[in-house]
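Survey of secondary and tertiary structure
Each chain is listed here by its residues.
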Amino acid sequence: MSKVALITGGSRGLGKTLAAFIAGRGNDLIITARHSAELETAATALRGLGVAVDAVVGDIADPAHRRALVAAVERHGRLDLLINNASILGPSPQPALAAYPLEMLEQVFAVNVLAPLALIQELLPMLHKTQGLIVNLSSDAAVGAYAGWGGYGASKAALD
């Protein structure tokens, strides 16, 4: 039985690169992202590496979407690696915290902190069975201040 990895934000950038690396080692994948066209393009390319790929479109901050990811893991029967890569930057240009729209800050924390934690909580029993690994991707903004990046940096520091 192949090992299985779940990668959030797996349709582009670092998530897509990690997915290709993991698939190249013969591991099956569950990838997720918000944009269906990009996600399906990535999934098609990854399937070309000879592994099974489930592409689950949705917003990681949505509890129903996380339940769909858990169901995908259950269909595979195992989970060996969870990579929490999905994140959002927030408003651009980045405002000072004193002017940061609170509804946007809530969204940044929902996606960058609460969603990864919720996914970990839901998948931890499956990861225990395989002695699996959790990787939470963060940012140097979590440990070094950038002017105006307080919301994003705070969210990544919380994730750390």
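This text follows the structure it describes.
Residues numbered from 1 in each chain as written. Predicted model: local features only at pLDDT ≥ 70, side-chain atom pairs only at ≥ 80, totals over all residues. Heavy atoms only, no water.

**Examining the overall build of the chain**
Scanning the chain from terminus to terminus reveals five helices and five strands. What you see in the chain, going N to C, is helices and strands ordered as β-α-β-α-β-α-β-α-β-α. For 160 residues, the compact-globule estimate of 2.2 N^0.38 gives 15 Å, and the C-alpha radius of gyration of the chain, at 16 Å, lies within 12% of that figure. When its C-alpha atoms are laid out on the principal axes, the chain stretches across 50 × 30 × 30 Å. The buried share of the chain, taken over its 160 residues, is 45%. For the chain, restricting intrachain contacts to residue pairs at least 6 apart in sequence, the fraction spanning at least 24 positions comes to 64%. Carbon and sulfur atoms make up 58% of the accessible area of the chain, which amounts to about 8,000 Å² in all. (Helix = DSSP H or I, 4+ residues; strand = E, 2+ residues; numbered from the N terminus. Rg over C-alpha atoms; globule rule 2.2 N^0.38 Å. Buried < 20%, exposed > 50% of the residue type's maximum accessible area, 1.4 Å probe, protein only. Contact = heavy atoms within 4.5 Å. Areas by Shrake-Rupley, 256 points an atom, 1.4 Å probe, with all protein chains shown as cover.)

**Considerations on the sheet that holds strand β4 (residues 81–84)**
Read from one edge of the open sheet, five strands run β3-β2-β1-β4-β5, paired in parallel fashion. Since the sheet does not close on itself, it has two edges, and those belong to β3 (53–57) and β5 (133–136), each with one partner. Each neighbouring strand pair of the sheet contributes to a mean axis angle of 10 degrees, computed without reference to strand direction. As defined by bridge partners, strand β1 (residues 4–8) adjoins strand β2 (residues 28–33) across five bridges and the pair is classed as parallel. Bridging from a neighbouring strand, Ile7 pairs with Ile31 of β2. (Pairing = 2+ DSSP bridges. Axes fitted to C-alpha atoms, helices over the stretch in contact; angles between N-to-C directions.)

**Focus: the pairing of β3**
Where β2 and β3 come together, five bridges link them in parallel fashion. Across the sheet, Ile30 pairs through a bridge with Asp54, a residue of β3.

**Comments concerning the nonpolar core**
Counting 23 residues, the largest nonpolar core has Leu6, Ile30, Leu79, Leu82 and Leu123 as the members making the most contacts within it. Examining the composition of this core, we find that nine residues originate from one element, helix α4 (residues 102–130), more than from any other. Apart from the residues within four sequence positions on either side, Leu82 is in contact with Leu6, Leu119, Ile120, Leu123, Leu127, Leu133, Ile134 and Val135. Ile31, Leu46, Leu81 and Ile83 belong to the second largest nonpolar core, which has 17 residues in total. (Core = buried A, V, L, I, M, F, W, Y, C linked by side-chain atoms within 4.5 Å.)

**Let's talk about the environment of Val143**
Along the polypeptide, Val143 turns up in the loop between β5 and α5 (150–159). Classification of Val143 by relative accessible area gives exposed; the value is 72%. With 17 residues separating them along the chain, Val143 and Asp160 place their C-alpha atoms 9.3 Å apart.

**So, the pattern of salt bridges**
Taken as a whole, this structure holds four salt bridges when the rule is applied. Put simply, Glu38 and Arg12 hold a salt bridge, and the shortest N to O gap is 3.6 Å. Separated by 26 residues along the polypeptide, Glu38 in helix α2 (residues 36–47) and Arg12 in the loop between β1 and α1 (13–24) bring together distant segments of the chain. Accessibility expressed as a relative area gives 31% for Glu38, which makes it partly exposed. Of the residues examined, Arg12 reaches a relative accessible area of 47% and is grouped as partly exposed. (Salt bridge = Lys/Arg side-chain N within 4 Å of Asp/Glu carboxyl O.)

**Focus: α5**
By the burial criterion, the buried members of α5 are Gly151, Tyr152, Gly153, Ser155, Lys156 and Leu159. Buried residues along α5 sit in contact with α4 and β5.

It is worth stressing that arrangement in space is one thing and function is another; only the former is reported here.
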